[in-house]
Amino acid sequence: MRIGVLGTGSMADALATHWVRAGHEVTVGGRDLQKAERLATRIGGGVRAAGLRAAAESGRDVVLAALPFGAGVQVVRELSAVLEGTVLLDCSNPVGPGFRLLTDAGPSAARQLAAAAPGAHVVKAFNLCHEDVWRMRPPVFDGRPLAVPVCGDDPTALARVHALVRDVGCEPVAGGGLERAGLLEATAALFIGLWVGEGADAQAIAPPLAYAAGSGDRSAGSPS
């Protein structure tokens, strides 16, 4: 695929590195061209550096918005015409001090990007883990690949993002339409609060799938 990356930070670095190794054509873009050039050099594999507009134009198949919440909407609005018909992948987390969800009761960060570029096909993914997890080759824990929830409305866009999830070494999970992206963002706020604020293992809060709907042998530890 031809992938444009908006942003030169850690998430851009981690995900673009996987995709280059998988054989995709990647252009990283930023307002600071020198930062983009340094990132392209660090990743290697023929990655090109460009400004934000040129990177968006190069993402014929997917454009990754690896931008902080708040900055993303402005950038995407400026590039709205370029992003017409493009798959726009949002990995941002609107989480602020005190692990507060910054969108409150309003539209999710992903829906805000969709409003800023109404012609783009926005997909939400890669927002539940620290960038160091995405740097793993691959992210596998106890022999099981990391599952990545993906939310979006367009079938073609979802298929492309699912393929990119697999290129990272993970398993895509259908998370529903873009209206459910806010649930992913709220989950990130909860998990970050548990991990960082409480030092708790967030993975331990969910029972095995066999028990999730009340099925399975519940005799052990159940009241008689």
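Nothing here was measured: the structure is a model prediction, and the numbers come from that model.

## A look at the overall build of the protein
Point 1. Looking only at helices and strands, one finds nine helices and 12 strands in the protein.
Point 2. Computed over C-alpha atoms, the radius of gyration of the protein comes to 18 Å, within 12% of the 17 Å expected from 2.2 N^0.38 for 224 residues, which places it in the range of a compact globule.
Point 3. Oriented by its inertia axes, the alpha-carbon framework of the protein measures out at about 65 × 35 × 35 Å.
Point 4. Looking at the 224 residues of the protein, the share that counts as buried comes to 46%.
Point 5. Relative to all contacts within the protein whose residues are 6 or more apart in sequence, the contacts with residues 24 or more apart total 69%.
Point 6. Of the roughly 11100 Å² of accessible surface on the protein, 53% is carried by carbon and sulfur atoms.
Point 7. A distance of 4 Å separates the average location of the 20 positive side-chain charges in the protein from that of its 22 negative side-chain charges.

## Details of the sheet that holds strand β12 (residues 171-174)
Point 1. The strand order across the open sheet built from eight strands is β3-β2-β1-β4-β5-β8-β11-β12, with neighbouring strands paired in mixed fashion. The open sheet is flanked by β3 (48-50) and β12, the only strands paired with a single partner. The sheet shows a mean angle of 30 degrees between the axes of neighbouring strands, direction not considered.
Point 2. In the sheet, strand β1 (residues 2-6) pairs with strand β2 (residues 25-29) via five bridges, with the strands oriented parallel.

## Regarding the pairing of strand β5 (residues 87-90)
Point 1. In β5, alternate side chains face the same way, and those of V87 and L89 on one face and L88 and D90 on the other are all buried.
Point 2. Across three bridges, strand β4 (residues 62-65) lies against β5 in parallel orientation. Paired with L64 across the two strands is L89, which belongs to β5.
Point 3. After leaving β4, the chain enters helix α4 (residues 71-78) and then returns to the sheet as β5, a path that is right-handed.

## Observations regarding the environment of D154
Point 1. Following the sequence through the fold, D154 ends up in the loop between β11 (147-152) and α7 (155-167).
Point 2. Taking C-alpha positions, D154 is 28 Å from V140, a pair spaced 14 residues apart along the chain.
Point 3. Among the polar contacts made by the side chain of D154, one reaches the main-chain amide nitrogen of T156 at a distance of 3.2 Å.

## Details of the packing of aromatic side chains
Point 1. Following the criterion strictly, the structure yields three aromatic pairs and no others.
Point 2. Relative to W134, the ring of F126 lies with its centre 5.1 Å away and its plane at 80 degrees, an arrangement referred to as edge-to-face. In this pair, the class of F126 matches that of W134, namely buried.
Point 3. Through pairs of rings, three or more aromatic residues link up here, namely W19, F126 and W134.

## Examining helix α1 (residues 10-21)
Point 1. Taking 1.5 Å of rise per residue, the 12 residues of α1 would be expected to cover 16 Å, and the 17 Å separating its terminal C-alpha atoms lies within 8% of that figure.
Point 2. Of all 12 residues making up α1, 10 are buried, and the element is well covered by its neighbours.
Point 3. Immediately downstream of α1, the backbone of G23 shows phi near 100 degrees, a positive value.

## Thoughts on helix α2 (residues 33-43)
Point 1. Within α2 the residues assigned to the buried category are A36, L39, A40 and I43. Around the axis of α2, the buried residues are gathered within 100 degrees of arc, so they sit on the same side. Along α2, the residues that are exposed and aim more than 90 degrees away from the buried face are Q34, T41 and R42.

The rules we used
- Residues numbered from 1 in each chain as written.
- Predicted model: local features only at pLDDT ≥ 70, side-chain atom pairs only at ≥ 80, totals over all residues.
- Heavy atoms only, no water.
- Helix = DSSP H or I, 4+ residues; strand = E, 2+ residues; numbered from the N terminus.
- Rg over C-alpha atoms; globule rule 2.2 N^0.38 Å.
- Buried < 20%, exposed > 50% of the residue type's maximum accessible area, 1.4 Å probe, protein only.
- Contact = heavy atoms within 4.5 Å.
- Areas by Shrake-Rupley, 256 points an atom, 1.4 Å probe, with all protein chains shown as cover.
- Lys, Arg positive; Asp, Glu negative; His and termini not counted.
- Charge placed at Lys NZ, Arg CZ, Asp CG, Glu CD.
- Pairing = 2+ DSSP bridges.
- Axes fitted to C-alpha atoms, helices over the stretch in contact; angles between N-to-C directions.
- Right-handed = clockwise from strand over helix to strand, strands pointing away.
- Polar contact = N/O pair within 3.5 Å; in protein donor to acceptor, adjacent residues only side chain to side chain.
- Phe/Tyr/Trp six-rings, centres within 6.5 Å; stacked < 30°, edge-to-face > 60°.
- Expected span 1.5 Å × (residues − 1).
- Arc of directions from axis to C-beta.

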